[in-house]
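Architecture at a glance
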Amino acid sequence: MLPADCSRRLLAELRGALDACAERQRQLERSLRVSRRLLRAWEPVGSPTAEPTLGPDTQKEELSPGTPSPQDLKELELLTQALEKAVRVRKGISKAGAGNKAPLPKSGSIVTPATTAPLQLRAPGRAGSHASETKAPRGICQTKAPAKGHPQHKPLSSGDRTSQERASRTTGPGLGLRDQATAPPAAQPAPEAFTLKEKGNLLQLPAAFRKAASQNSRLWAQMSSTETSDSAGATATAKAQFLQKMQVASGLCGPRLSAAEMEAEVRRLQKACWLLRLRMQEEVAAGQERGGGHGRKRGGPGWLGGQPAPQPTPLPHAAPTDWKQELRCLLTLEGLQAMVGQCLHRLQELQAEQQLGPWPVGLPPRSLSPCGEEDPSWGPRLLLYSSTQELQTLAALRLRVAMLSQQVHLEKVLMAELLPLVSARGPQGLPGLPLCRAVHSLLCDAGERFPTILRDEPTG
Amino acid sequence: MGRRRRGVDRTPGAGSGALPEAIAALSRALSAGPSPETFRRAKFDRPEAAPALWQLLFRVLSPTTQAGAKASQGPEAQVRFVKAALRCQGYPRPALAQLPEDGSQGSRELLLALAWLLARGPLLEQLLARTRVRLGDEMTVCECEDVAYDGASVGLPALCVEPNLHVDIRHVQWLMGKLRLRWRNLVSSQQEQCALLSKVHLYTRGCHSERSLGHLSATETELLRDPDGSRQLLQALEQENARLEAAVQWRRRELIFWQWMDTVLDSCPTQAPGAAPQPMFLPRITDRGPRQWGLVAGELQALQEQLQAAARPRRAAWEAQVRGRSQDPAWSTTWRAVRQAVDLELVALQGAWDRSGTPAQPHGPHRLVRSESGALAGRGLWAAEAIRALRSKEACLEVALRQLQGQCRQELARLVGTLSGFIWIPPPGR
């Protein structure tokens, strides 16, 4: 069992990592739901089988006589029959063309007055008038909304055949309102629904939305450009002066570092440590290679972490290049040592600064600037990809980098917590062997493999 | 104090309405900020202006995800949060920390704090970007969002870990395994999402009103499918447009505001310069900052010891060699040459981390755009480049991880070697 404070810290770290992962998964699931729904056949808006977002009252309204008076029903019947006939006529023509997948008889009877362009092309007056006659207010909303956002067709410049196909098929999302009401014996199943695959390129964003979106991008562009406008100079000076005065008035000697800056400094020093270590290993490995001809054993492929460097054999009559390299190596190592000393000093300065004000309550230091060095141009930034494969590679790499940096961090944490435990029990002569084994597998193989320990029984 | 006047202080060169207009624009850009009258009262440190300003600062400083939760905690909690956050940002004036926690006073100090935040950085842009309506399918390439994810869990109130809990090492192993599994699930979900998005982009080719984008994003397609959502999105867009317009107006007029703020600062009583800032003894829920510091300090110290161990024998050997050579005239010139070369190298090495990161790296979320023909060259970041950059980062991280693991292996081998009576067989090497 691990001691209490160690346990607490380890658990906190690991749970933090697990929660971060879970958060990503949640967001991903949300987007996945949306995307999957988009690629299925779109349910007609307003039908009982439509998305739960419409709510139960929708269904009630539909099934109840939200349908208008019998008068309207009759008229509707007449219209339906007329259109059925028209569709039958068309069907005869279209069959001659390429395979029309749409179940035409069905779509004929479904004819909702409130569908859009295609019907208006053929029966200009009637569709519009029936649309306005739709009594149920909810119905109006629903049928108008798909009418607005419904795939408006591009000007049907293509031939008759395609327009007929569209006419028969694109009744999809717009209908459904009358399905239950007019339910003629041809109680069709869900009519040919709208699928993105077949008709995706007919979509068009609603006009109001387009306007708002273009205004939005224009304004954002303006925001980034006003920063470089002429009066910005005077404003910038005024701001700088104000900050200066604040600083002076507060009586502090120097500007205090914000938490974000401090974190950045610490990260910088971390990077420095890593680079210095790499350099040290290069030097020592190079030195060993030089001396390798003398039959000395190398301490492993560059992982010279814990072992002291082997003694370089003094060469009595060394060639000038040899001792120059030795000198170089020596001076580099001493220089690196000095730099590490500077880093440590800086770190201690930061610590002293921090003592003045402890890190505040659970405050993520990045609360205000989510992206530390955010690009001041707030305009649209695009990421261009050319194939699914590329996009998947990119996303997978992103996640791999995130996972690796988390792993590196956890490795350091585990090292800091667990290695002392193993070494602490050493003097007793028998550290918990399961502990050793577990720690080894955790730290050295990321938990994937285990070492074997054999008891060495003295024979005899 | 107490002089009731309509209109504005006579700042030179300003029309009488320019300052209230500027402040009104600022308030609109901050989405329902206090009125110009409140600002004017704050200059004279009127107490009735204080609560509005506390609330404003609270809204500005808290991250969006937590704002709702914290707002329900009451004004004292808000006051404490604002004080902590400002300190976190490095706010210089100690007077803020001394304000009472019931939120009834200090409007002038708060006004100064707000101006300080505005002056330091692009506060408005950051706030607007935080709540920006994203119309495209966004993906971030940089690592900044990773910090946001890690921070999301850190910000949770009181990770409820019992103080006296002992865990078994096997529990730790189990948690690590669980983490690995979660990542794997994440990767496969992500792959599926990419495939789906790619299909959506493919099928909606040629639909977008903006020729440069070429196709609809999943978000836009979704709003076509779902009219309710489209209404909400449209509303959000329009609200954002209103705020952006206000921000643009503010930009044009802000010079007057800064001139006025100078007068506000002048009207403050001067502080005793030697007054030490009162330390705020806030309970620490997380010690992520000090922990990070501790890790780095440990690493640096370990590194220093290793360097010492490597350099000392070499120095000794060198001294032994040099004794016979100091008279050699060519020797000293060579020595100096080597010294200079090493110094240059080390300076270059230091530059590697002194530089403030790679400036070329694009930050923030990018909108995904499928473009096979390469027609949009120059308009954005190419996936191939991003992949290259990520691969090199991946390689670096893998090296770092191997290095750490190697260190552990050696350390453990050393520790276990002290045991007698056991044979330690490490797992088959990679």
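Values in this document were obtained by computation on a predicted structure and should not be read as measured data.

In terms of regular secondary structure, chain A is built from 16 helices and 4 strands. When each of the 460 residues of chain A is scored for burial, the buried share is 48%. Pairs at least 24 residues apart make up 67% of the contacts formed inside chain A by residues separated by at least 6 positions. Looking at chain A as shown, the accessible area adds up to about 21800 Å², and 57% of this sits on carbon and sulfur atoms.

Let us look at the overall build of chain B. A count of helices and strands for chain B gives 14 helices and 4 strands. Here chain B holds 430 residues, and 49% of them are scored as buried. In chain B, of all internal contacts separated by at least 6 residues, the share reaching a separation of at least 24 is 71%. With an accessible surface of roughly 20500 Å², chain B has 55% of that area assigned to carbon and sulfur atoms.

As summarised here, the arrangement of the 4 strands in space is β1(B)-β2(B)-β3(A)-β3(B), forming an open sheet in which the pairing is mixed. Each edge of the sheet is formed by a strand with only one pairing partner; in this case those strands are β1 (138–140) and β3 (381–382) of chain B. Relative to strand β2 (residues 365–370) of chain B, β1 of chain B runs antiparallel, the two being bridged by 3 bridges. Bridge pairing in β2 of chain B places Met139 of chain B opposite His366 of chain B. Packing against the sheet, helix α15 (residues 388–424) of chain A makes contact with β3 (382–385) of chain A together with β1 and β2 of chain B, and its axis sits at approximately 45 degrees to β1 of chain B.

Turning to the environment of Val369 of chain B, a few remarks are in order. With respect to the element layout, Val369 of chain B can be found in strand β2. Along the backbone, Val369 of chain B and Trp382 of chain B are 13 residues apart, and their C-alpha atoms lie at a distance of 9.8 Å.

Under the defined criterion, the tally for this structure stands at 36 salt bridges over all chains. With a shortest N-O distance of 2.8 Å, Arg315 of chain B and Glu334 of chain A are connected by a salt bridge. You can see Arg315 of chain B sitting in helix α12 (residues 288–322) and its partner Glu334 of chain A sitting in helix α14 (residues 320–356), one on each of two chains. Residue classification places Arg315 of chain B among the partly exposed positions, given a relative accessible area of 29%.

Let us now look at the interface of chain A and chain B. Each side of the interface is counted separately: chain A has 216 residues, and chain B has 218 residues. Interface of chain A and chain B: buried area, both sides summed, is about 21900 Å²; carbon and sulfur atoms make up 68% of it. Inspection of the chain A/chain B interface yields 11 salt bridges. The salt bridge involving Glu299 of chain B is made with Lys412 of chain A; its shortest N-O contact spans 3.4 Å.

Moving on: a nonpolar patch on the surface. The grouping of Leu454 of chain A together with Ile423 and Ile425 of chain B at the surface amounts to a nonpolar patch, some 220 Å² of accessible area in total. Looking at the element boundaries, Leu454 of chain A is found in strand β4 (residues 452–455).

Residue alternation in β3 of chain A divides its side chains into two sets, Leu382 and Leu384 of chain A and Leu383 and Tyr385 of chain A, and both sets are buried. Sheet topology places β3 of chain A next to β2 of chain B; 4 bridges connect them, and they run parallel. Bridge pairing links Tyr385 of chain A to Arg370 of chain B in β2 of chain B. Where β3 of chain A lies against β3 of chain B, 2 bridges are found, and the strand directions are parallel. Bridge pairing in β3 of chain B links Leu383 of chain A to Leu381 of chain B.

This part is about the state of the cysteines. Counted according to the given criterion, the structure contains 0 disulfides over all chains. Of all cysteine sulfurs in the structure, the one in Cys408 of chain B sits closest to Cys6 of chain A, which takes part in no disulfide; the separation is 14 Å. In this structure Cys408 of chain B is a free cysteine whose sulfur lies 5.3 Å from that of Cys444 of chain A, the closest cysteine sulfur available. Residue Cys408 of chain B is classed as buried on the basis of its relative accessible area, which comes to 1%.

Residues and elements named next belong to chain A. When pLDDT is averaged across chain A, the result is 67; 55% of the residues are at 70 or more. Here residues 97–188 is a poorly scored stretch, pLDDT under 50, and it has 139 contacts once near neighbours within four places are set aside; other chains count. Under a pLDDT of 50 for its full length, residues 357–373 has, in the predicted model, 50 contacts with residues more than four places off or in other chains.

Turning to the environment of Gly447 of chain A, a few remarks are in order. Looking at where Gly447 of chain A falls in the secondary structure, it is placed in the loop between α16 (433–445) and β4. What Gly447 of chain A contacts, discounting residues up to four positions off in sequence, is Ser441 and Leu442 of chain A together with Arg180 of chain B.

So, about α15 of chain A. Helix length check: α15 of chain A (37 residues) gives 53 Å between terminal C-alpha atoms against 54 Å at 1.5 Å per residue, within 8%. Approximately 30 degrees is the largest bend angle found in α15 of chain A, and it occurs at Met415 of chain A.

Where the residue is not glycine, phi is negative for most of them; where a peptide bond is considered, it is trans in most cases. In the Ramachandran plot, Ala446 of chain A falls in the positive-phi region, its phi being about 55 degrees despite a non-glycine side chain. Residue position: Ala446 of chain A is located in the loop between α16 and β4.

Following the criterion strictly, the structure yields 6 aromatic pairs over all chains and no others. Ring geometry for Phe242 of chain A and Trp258 of chain B: centres 5.5 Å apart, planes at 50 degrees, overall tilted. In this pair, Phe242 of chain A sits in helix α12 (residues 231–250) while Trp258 of chain B sits in helix α11 (residues 227–266), so the two residues belong to two different chains. The two residues Phe242 of chain A and Trp258 of chain B agree in class, both being buried. Between Phe58 of chain B and Phe81 of chain B the ring centres are 5.5 Å apart and the planes differ by 75 degrees, which places this aromatic pair in the edge-to-face class.

By size, the foremost hydrophobic cluster in this structure holds 86 residues, and its most contacted members are Leu2 and Leu418 of chain A together with Ile169 and Val172 of chain B. Look past the residues within four positions of Leu418 of chain A in its chain and what remains in contact with it is Leu2, Leu10, Val439 and Leu442 of chain A together with Ile169 of chain B. In terms of nonpolar packing, the next biggest core, distinct from the first, is built from 61 residues, Ala42, Val60, Ala85 and Trp250 of chain B among them.

All right, on to helix α2 (residues 36–43) of chain B then. Structural remark: α-helix, 3.6 residues per turn; residues separated by three or four positions point the same way. All names here are of chain B. Taken as a whole, α2 has its buried residues at Thr38, Phe39, Arg40, Ala42 and Lys43. Against the buried residues of α2 lie α1 (18–29), α3 (50–61), α6 (107–120) and α11. In the stretch just after α2, Asp45 is the one whose phi turns positive, near 60 degrees.

The next thing to look at is the side chain of Ser7 of chain A. Among the secondary structure elements, Ser7 of chain A is positioned in helix α1 (residues 4–39). Reaching out from Ser7 of chain A, the side chain makes a polar contact with the backbone nitrogen of Val167 of chain B at a distance of 3.3 Å. Ignoring sequence-local partners within four residues, the contact set of Ser7 of chain A consists of Leu2 of chain A together with Leu165, His166 and Val167 of chain B.

Here we come to the confidence of the model for chain B. The predicted coordinates should not be examined in detail at positions where pLDDT is low. All names here are of chain B. Residues at a pLDDT of 70 or more form 80% of chain B, whose mean pLDDT is 79. Within chain B, helix α4 (residues 64–71) has the poorest average pLDDT of any element, 60, and helix α9 (residues 169–203) the best, 93. Note that pLDDT drops below 50 for residues 5–14; the model gives that stretch 12 contacts with residues more than four away or on any other chain. pLDDT under 50 marks residues 278–286. Its contacts with residues more than four places away, or in other chains, come to 20 contacts. Both confidence scores are given for the complex: pTM 0.70, ipTM 0.81.

Reading guide: rules and limits
- Residues numbered from 1 in each chain as written.
- Chains lettered and ligands numbered in written order.
- Predicted model: local features only at pLDDT ≥ 70, side-chain atom pairs only at ≥ 80, totals over all residues.
- Heavy atoms only, no water.
- Helix = DSSP H or I, 4+ residues; strand = E, 2+ residues; numbered from the N terminus.
- Buried < 20%, exposed > 50% of the residue type's maximum accessible area, 1.4 Å probe, protein only.
- Contact = heavy atoms within 4.5 Å.
- Areas by Shrake-Rupley, 256 points an atom, 1.4 Å probe, with all protein chains shown as cover.
- Pairing = 2+ DSSP bridges.
- Axes fitted to C-alpha atoms, helices over the stretch in contact; angles between N-to-C directions.
- Salt bridge = Lys/Arg side-chain N within 4 Å of Asp/Glu carboxyl O.
- Buried area = accessible area lost by both parts, 1.4 Å probe.
- Patch = residues over 30% accessible without salt bridge, like charges linked within 9 Å, V, L, I, M, F, W, Y side chains within 5 Å.
- Disulfide = S-S within 2.5 Å.
- pLDDT = per-residue confidence, 0-100.
- Expected span 1.5 Å × (residues − 1).
- Bend = angle between axes of the 7 residues up to and from the residue.
- Phe/Tyr/Trp six-rings, centres within 6.5 Å; stacked < 30°, edge-to-face > 60°.
- Core = buried A, V, L, I, M, F, W, Y, C linked by side-chain atoms within 4.5 Å.
- Polar contact = N/O pair within 3.5 Å; in protein donor to acceptor, adjacent residues only side chain to side chain.

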